[in-house]
Amino acid sequence: LLVVSGLHDGALGYPIGDLGSRGLWRAFFLTGRYAMARYLPDLFGVWCAWWYVLLLELPVSATRAAIAVTLYILLPLFGWRSRGLTKVLLAFLCIISLWPGVWEEVGFQLTFSALFALLYAGYLSRRFQLSWWQNSLLVTLCPTLSTSLVLCLTIGGGSWLSLIGNIVFAPFLV
């Protein structure tokens, strides 16, 4: 369930960044530095993501995730209001620029096929005003089917059990 290369990095950045930055926010707020206090949760989340990647000794999957999380969090702070697709495409281009040939790796293909599928699921959800269980099913099926297609094309097959498991268990995680 939810196994996308580097997903743990993004999942770590937000909750720990939020918890840790509350104390920092109070320290800046109480000293009258209001402008800086507003950005602390986001900046601390980025710091936590990169700290975790450094603890892991910079594996490619976690570094890719940290780049994507950093772009996703910092672009709005610099005034660039863009949609999710623009941010994911920018992360895609940055990663391909840093590691030419990375697009041939299965982990990279799985990561971005799942991300693009989630963006498409979000688009379909907004367009058709789906109920909560339809959203859960859509958010489960789109990435599962896209990553299954990548697995079929790269290693010649996949597990049908993962499709059934994601349909059964993933709505409880959404």
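Owing to the predicted nature of the structure, the values given are computational and were not obtained by experimental measurement.

(A) Region of the structure containing the packing of aromatic side chains. Counted according to the given criterion, the structure contains 8 aromatic pairs. Taken together, a centroid distance of 5.2 Å and an interplanar angle of 85° make the contact between Phe92 and Phe112 edge-to-face. Note that Phe92 is positioned in helix H5 (residues 84-98) and Phe112 in helix H6 (residues 106-128), a separation of 20 residues in sequence. The partly exposed category is assigned to Phe92, whose relative accessible area is 23%. Using a relative accessible area of 4% as the deciding quantity, one classes Phe112 as buried. Clustering of aromatic rings is evident, with ring pairs tying together Phe92, Phe108, Phe112 and Phe116.

(B) Quick peek at the nonpolar core. If you look at the biggest cluster of nonpolar residues, it comprises 9 residues: Ile67, Leu71, Leu75, Val88, Ala91, Ile95, Val102, Phe108 and Phe112. Secondary structure elements with two or more residues in this core: helix H4 (60-77), H5 and H6. Other than its neighbours up to four places away in sequence, Ile67 contacts Trp50, Cys94, Ile95, Leu98 and Trp99. Counting residues in each nonpolar core, the second largest holds 5 residues, with Ala117, Ala121, Leu124 and Leu138 among its members.

(C) Spatial organisation of the environment of Phe169. Mapping Phe169 onto the fold places it in helix H8 (residues 160-169). Put simply, Phe169 and Thr140 are 29 residues apart on the chain and 9.2 Å apart in space, counted from C-alpha to C-alpha.

(D) Main features of H5. With 15 residues, H5 extends 21 Å between its outermost C-alpha atoms, agreeing within 8% with the 21 Å of an ideal straight helix rising 1.5 Å per residue. Looking only at H5, the buried set comprises Lys87, Val88, Ala91 and Ile95. The buried residues of H5 occupy an angular sector of 95° when projected down its axis, which confines them to one face. Among the exposed residues of H5, those pointing more than 90 degrees away from its buried face are Leu93 and Ser97.

(E) View of the confidence of the model for the protein. For the protein, per-residue confidence averages 77 on the pLDDT scale, and 75% of positions sit at 70 or higher. Averaged pLDDT values for the elements of the protein fall to 53 in helix H1 (residues 7-30) and rise to 90 in H6. Predicted confidence for residues 1-5 stays below pLDDT 50, and this span has 14 contacts to residues more than four positions away or in other chains.

(F) Seen up close, H8. Turning to H8, its buried residues are Leu163, Gly165 and Asn166. Seen along its axis, H8 keeps its buried residues to an arc of 165°; they face one direction. For H8, the exposed residues lying more than 90 degrees away from the buried face are Trp160, Leu161 and Ile164.

(G) Geometry of the packing of H6 against helix H7 (residues 132-155). Running from amino to carboxyl end, H6 crosses H7 at an angle of 150°, the nearest separation of the two axes being 8 Å. With respect to H7, the element H6 is oriented roughly antiparallel. The hand of the H6/H7 crossing is right-handed. For the pair H6 and H7, contact is made by Val106, Gln109, Leu110, Ser113, Ala114, Ala117, Leu118, Tyr120, Ala121, Leu124 and Ser125 and by Asn135, Leu138, Val139, Cys142, Pro143, Ser146, Thr147, Val150, Leu151 and Thr154, respectively. Looking at the contact of H6 with H7, its residues break down into 14 nonpolar, 7 polar and no charged.

(H) Structural detail: the pattern of salt bridges. Counted by the stated rule, this structure contains 1 salt bridge. A salt bridge links Arg64 to Glu105, with the shortest nitrogen-to-oxygen separation between them at 3.6 Å. In this pair, Arg64 is assigned in helix H4 and Glu105 in the loop between H5 and H6, connecting sequence segments 41 residues apart. For Glu105, a relative accessible area of 38% translates into the label partly exposed.

Conventions we followed
- Residues numbered from 1 in each chain as written.
- Predicted model: local features only at pLDDT ≥ 70, side-chain atom pairs only at ≥ 80, totals over all residues.
- Heavy atoms only, no water.
- Phe/Tyr/Trp six-rings, centres within 6.5 Å; stacked < 30°, edge-to-face > 60°.
- Helix = DSSP H or I, 4+ residues; strand = E, 2+ residues; numbered from the N terminus.
- Buried < 20%, exposed > 50% of the residue type's maximum accessible area, 1.4 Å probe, protein only.
- Core = buried A, V, L, I, M, F, W, Y, C linked by side-chain atoms within 4.5 Å.
- Contact = heavy atoms within 4.5 Å.
- Expected span 1.5 Å × (residues − 1).
- Arc of directions from axis to C-beta.
- pLDDT = per-residue confidence, 0-100.
- Axes fitted to C-alpha atoms, helices over the stretch in contact; angles between N-to-C directions.
- Parallel < 35°, antiparallel > 145°, perpendicular 65-115°, else oblique.
- Left-handed = near helix turned anticlockwise from the far one by under 90°.
- Nonpolar A, V, L, I, M, F, W, Y, C, P; charged D, E, K, R; others polar.
- Salt bridge = Lys/Arg side-chain N within 4 Å of Asp/Glu carboxyl O.

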